[in-house]
Structure formats: C-alpha cells, structure tokens
Amino acid sequence: MEHVQGKTAVITGAASGIGRAMARTFGEAGMRVVMADVEGTSLEQARKDVAAAGIEAVAHVCDVSQADAVSGLAEVAKDAFGGIHVVCNNAGVFAGGTTWGTPSSDYEWVINVNIWGVIHGLQTFVPILLEQDEPGHVVNTASMAGLTTGPMTAAYFMSKHAVVSMSESLFHELKAREAKVGVSVVCPELVDTRIGEAERNRPHHLKRDDEELPNETKLVEAAIKASTPTGVEPKVLAERALAAIQENQFWVLPPDGDPWRRAAKQRCDDIVHARNPTLAGPAAGD
Ligand SMILES: NC(=O)c1ccc[n+]([C@@H]2O[C@H](COP(=O)([O-])OP(=O)(O)OC[C@H]3O[C@@H](n4cnc5c(N)ncnc54)[C@H](O)[C@@H]3O)[C@@H](O)[C@H]2O)c1
C-alpha cells in the first residue's frame, strides 16, 4: 500500500507505547487514525496529543478480548471516516511464569487479549477490507518472543507464536485471492513501553492472588518492568511498521545482527537439524 495519505488506520492498544506511537507516526504521514484501547483516560489523553499535532483522530474505548466490542470499533471507524485501510491489531499484555506454574487466570488473560484480540480483529476487519476492494494492510503486533522460545514466560511466548502463525496464514490466504490487502507482523525486541505494568488492565474476574505467586513469576515480571526503560523508543517500531505497510513487507524485525534475530536463526537451525532447543539470544544473556 504505497499511498497512505488520506487513508484511515485503526489501531488497538493506542493509549500507550507502540500503538500510541503508531497513531502519531501514521498521522504525521497523512493518515486519519482511529485509536482504540481498554484504558479510557489515557486513551483520551493520547488522542488529545495526536490531535494537537494536527492529526484527525477519533478515540474509542474497546476491549479487544470481546468480539462485540471489536465489531463496535469497526462501526465507529466507518462512521467517522468512511473506509478503513490499515488495521493494527496491537493491544497486548504480559504475564510471566513457568508452563506449569502459570495460574489459569494468567493463561486466560494473556490468551484473551493477545490471541483472541487478534482473532477478533481479523474476523471483523478482513471482510471489510476485502469488500472495499481497495489497497489495504493488516499489521499484527507479535514479538521476537513469537519467533524464539525461552523459559518462564510460557503464556506470553505461546501467545506471540500464535500471532505469527495467524499472520502467515492470512498472508497466504490473501495472496491466493490476489487481494489488494497486505499483511505485516511486527516482531519487536525490547521496547520502552508500559508492558511491564500490564497488570493495570487485568479484568477483575481474572485477578490473581499475588501472595500465592511462584517466585519465578515475580522475578520475570520484575525483570521486564526493570528492563523496558532500556529498550528502543516506540517511535522506532511505528516507523518500521509504516515502512512495511508502504513497501508491503511481511516481516518487521529488529536490525540484522540483533541478538533476537540470532536466537530466531538458532531455533530454525535446531528444528531443521532435529536438535534439542538451544537457549539463545537475550533469554540466554546474549
Ligand atoms: N514493549 C516491548 O518490549 C514489546 C516487545 C515485543 C512485543 N510487544 C508487543 O507490543 C504490543 C504493544 O504493547 P506495548 O509494549 O506498547 O505496551 P503498553 O502497555 O505500553 O501498551 C499496550 C496497550 O494495550 C492496551 N490493552 C491492554 N489490554 C487491552 C484490551 N483487552 N483491549 C484493548 N487494549 C488493551 C493497554 O491499555 C495499553 O494501552 C503488545 O502486543 C506487546 O505484546 C512489546
């Protein structure tokens, strides 16, 4: 989708971090943006900031884990701007813990937002993009966690592998139809956002007992919170995503030579040679 000027982008998780940066960067490129998030107050603040930069922006509170809420988002976008051209399924949350020690409430929360959120986005928006029969693009935010594996982050890594896999399926499906709609999967390295404070958006019915948490969970979550300020700026990811839309590039990855890319290659090599998994990349302290 070479020309983005005057086109509309719908972005979930737009109140903070990468989604918020996408709204700003896409808007500066001439797009109109529909910003969605479950956190109403910070969403409204983010919309005001974007609008103050002269960008046409609409905000809509939406929990992506709820199919009806995502359908409602599409209606809001159509009412505001007519067509929809770019859809960024970006909202996501993090919980740490081992495969066996992660409480069901954590699995459920992470799966509901990170996987069902993307499924709802695809079920809602892909038919609209196909029906419009105009150039369009779907951007799914996964993670380098979706291309690698590591210990003590079971629910999150699994969820991001699912996002990568769905994105690849979508790519093949759209190509087979010769659709005018492209797909990108954004796989960020560590980014300076509030993902380490994802707990703030956990629904009440999935609250966990912090006293009962295994030590691994506490350690990993504290480590994520402490390390994100050392990550790249969200704007970097937004610029990569915009370039991918314009150049119809599927993989949106950290630069060549990044330790996460080495870890992804190591995993592929292990699979091809049927070797047991090697702990590589940042998960191994690289
Ligand atoms: N920050 C990183 O290091 C990093 C690395 C790789 C991938 N990612 C991915 O980037 C995406 C954006 O996260 P971020 O790092 O900007 O974190 P962030 O916490 O700053 O932003 C995520 C946003 O998603 C929103 N959100 C949470 N649950 C929601 C729901 N049910 N419905 C709608 N919105 C919801 C939050 O309110 C928040 O505004 C996520 O998918 C995350 O997994 C982040």
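Quantities reported herein were computed from a predicted structural model and do not represent experimental measurements.

Parameters at a glance
Residues numbered from 1 in each chain as written. Predicted model: local features only at pLDDT ≥ 70, side-chain atom pairs only at ≥ 80, totals over all residues. Heavy atoms only, no water. Core = buried A, V, L, I, M, F, W, Y, C linked by side-chain atoms within 4.5 Å. Buried < 20%, exposed > 50% of the residue type's maximum accessible area, 1.4 Å probe, protein only. Helix = DSSP H or I, 4+ residues; strand = E, 2+ residues; numbered from the N terminus. Contact = heavy atoms within 4.5 Å. Expected span 1.5 Å × (residues − 1). Pairing = 2+ DSSP bridges. Axes fitted to C-alpha atoms, helices over the stretch in contact; angles between N-to-C directions. Near = heavy atom within 4 Å. Polar contact = N/O pair within 3.5 Å; in protein donor to acceptor, adjacent residues only side chain to side chain. Areas by Shrake-Rupley, 256 points an atom, 1.4 Å probe, with all protein chains shown as cover. Nonpolar A, V, L, I, M, F, W, Y, C, P; charged D, E, K, R; others polar. Salt bridge = Lys/Arg side-chain N within 4 Å of Asp/Glu carboxyl O. Parallel < 35°, antiparallel > 145°, perpendicular 65-115°, else oblique. Left-handed = near helix turned anticlockwise from the far one by under 90°. 1 Å grid on protein atoms, 1.4 Å probe; cavity = no way out; pocket = protein on both sides within 12 Å on 5 of 7 lines; lining within 4 Å. Points joined across faces, edges and corners; volume = space filled by probe spheres on them.

(A) Representation of the nonpolar core in the model. Residues Ile84, Trp109 and Phe125 are the most contacted members of the largest nonpolar core, which totals 51 residues. If one sorts the elements of this core by residue count, helix α4 (residues 104-132) sits on top with 11 residues. Phe125 has contacts with Val10, Val70, Leu73, Ala74, Ile84 and Val87, leaving out every residue within four places of it along the chain. By size, the runner-up hydrophobic cluster in this structure holds 31 residues, among which are Phe26, Ala238, Leu242 and Ala244.

(B) Inspection of α4 at higher detail. Taking 1.5 Å of rise per residue, 29 residues should cover 42 Å, and α4 covers 40 Å from first to last C-alpha, within 8% of that figure. Phi for Asp133, located one or two positions after α4, is positive at around 55°.

(C) The environment of Gly101, seen in detail. Take Gly101: it is sitting in the loop between β4 (86-89) and α4. Given the relative accessible area of 23%, Gly101 is considered partly exposed. Along the backbone, Gly101 and Ala238 are 137 residues apart, and their C-alpha atoms lie at a distance of 34 Å.

(D) Up close: the sheet that holds β4. Taken together, the 7 strands give an open sheet; going across it, the order is β3-β2-β1-β4-β5-β6-β7, and neighbouring strands pair in parallel fashion. This sheet does not close on itself; its edge strands, each paired only once, are β3 (57-61) and β7 (251-252). Pairing geometry for β4 and strand β5 (residues 136-141), over 4 bridges, is parallel. If you follow Val86 over to β5, its bridge partner there is His137. The sheet contacts of helix α5 (residues 154-176) involve β5, β6 (181-186) and β7, and relative to β6 the element is tilted by about 160°.

(E) Just the site of the ligand, in detail. Around the ligand there are 30 residues in total, and Ser16, Asp37, Tyr156, Val191 and Thr193 lie nearest to it. One of the backbone N or O atoms of Val38 is found 3.4 Å from a nitrogen atom in the ligand. Separating an oxygen atom of the ligand from a backbone N or O atom of Val191 is a distance of 2.8 Å. Relative to its unbound accessible surface of 820 Å², the ligand loses 97% to contact with the protein. Going through the elements one at a time, α1 (17-28) and α5 are the ones with two or more residues in the shell around the ligand. A breakdown of the residues in the shell around the ligand according to their chemical character gives 14 nonpolar, 9 polar and 7 charged.

(F) Looking closely at unusual backbone geometry. Despite not being glycine, Met152 has its phi angle at roughly 65°, a positive value. Within the secondary structure, Met152 is located in the loop between β5 and α5. Even without glycine at this site, Glu178 takes up a positive phi of about 55°. Examined against the element boundaries, Glu178 turns out to sit in the loop between α5 and β6.

(G) Geometry of the pattern of salt bridges. Enumeration over the complete set of coordinates arrives at 19 salt bridges. A salt bridge links Glu44 to Arg47; the nearest nitrogen and oxygen atoms lie 2.8 Å apart. Remark: Arg47 and Glu44 occur in helix α2 (residues 40-52); sequence separation between them is 3 residues, near one turn of the helix. For Arg47, a relative accessible area of 22% corresponds to the partly exposed category. Salt bridges here are not isolated pairs; linked through shared partners, they connect Asp106, Glu199, Arg202, Arg208, Asp210 and Glu221.

(H) Geometry of the environment of Glu108. One can find Glu108 in helix α4. When the C-alpha atoms of Glu108 and His3 are compared, they prove to be 39 Å apart, with 105 residues separating the residues in sequence.

(I) Representation of the packing of α4 against α5 within the structure. In contact at an axis separation of 8 Å, α4 and α5 are set at 15° when each is read in the N-to-C sense. As the angle between them shows, α4 and α5 are arranged roughly parallel. Where α4 crosses over α5, the handedness of that crossing is right-handed. Residues Tyr107, Val110, Ile111, Asn114, Ile115, Val118, Ile119, Leu122, Val126 and Leu130 of α4 lie in contact with α5, whose contacting residues are Ala154, Ala155, Tyr156, Met158, Ser159, Lys160, Ala162, Val163, Met166, Leu170 and Leu174. Taken together, the residues of the contact of α4 with α5 break down into 18 nonpolar, 2 polar and 1 charged.

(J) View of empty space enclosed by the protein. The tally for this structure, following the rule as stated, stands at 1 cavity of 30 Å³ or more. Taken as a whole, the largest cavity holds about 50 Å³ of empty space. In this structure, the largest cavity is lined by Thr12, Val64, Val70, Asn89, Asn90, Ala91, Val113, Gly117, Val118 and Gly121. Here the element with the most residues in the lining of the largest cavity is α4; it accounts for 4 residues.

On their own, these measurements won't tell you what the molecule is for.
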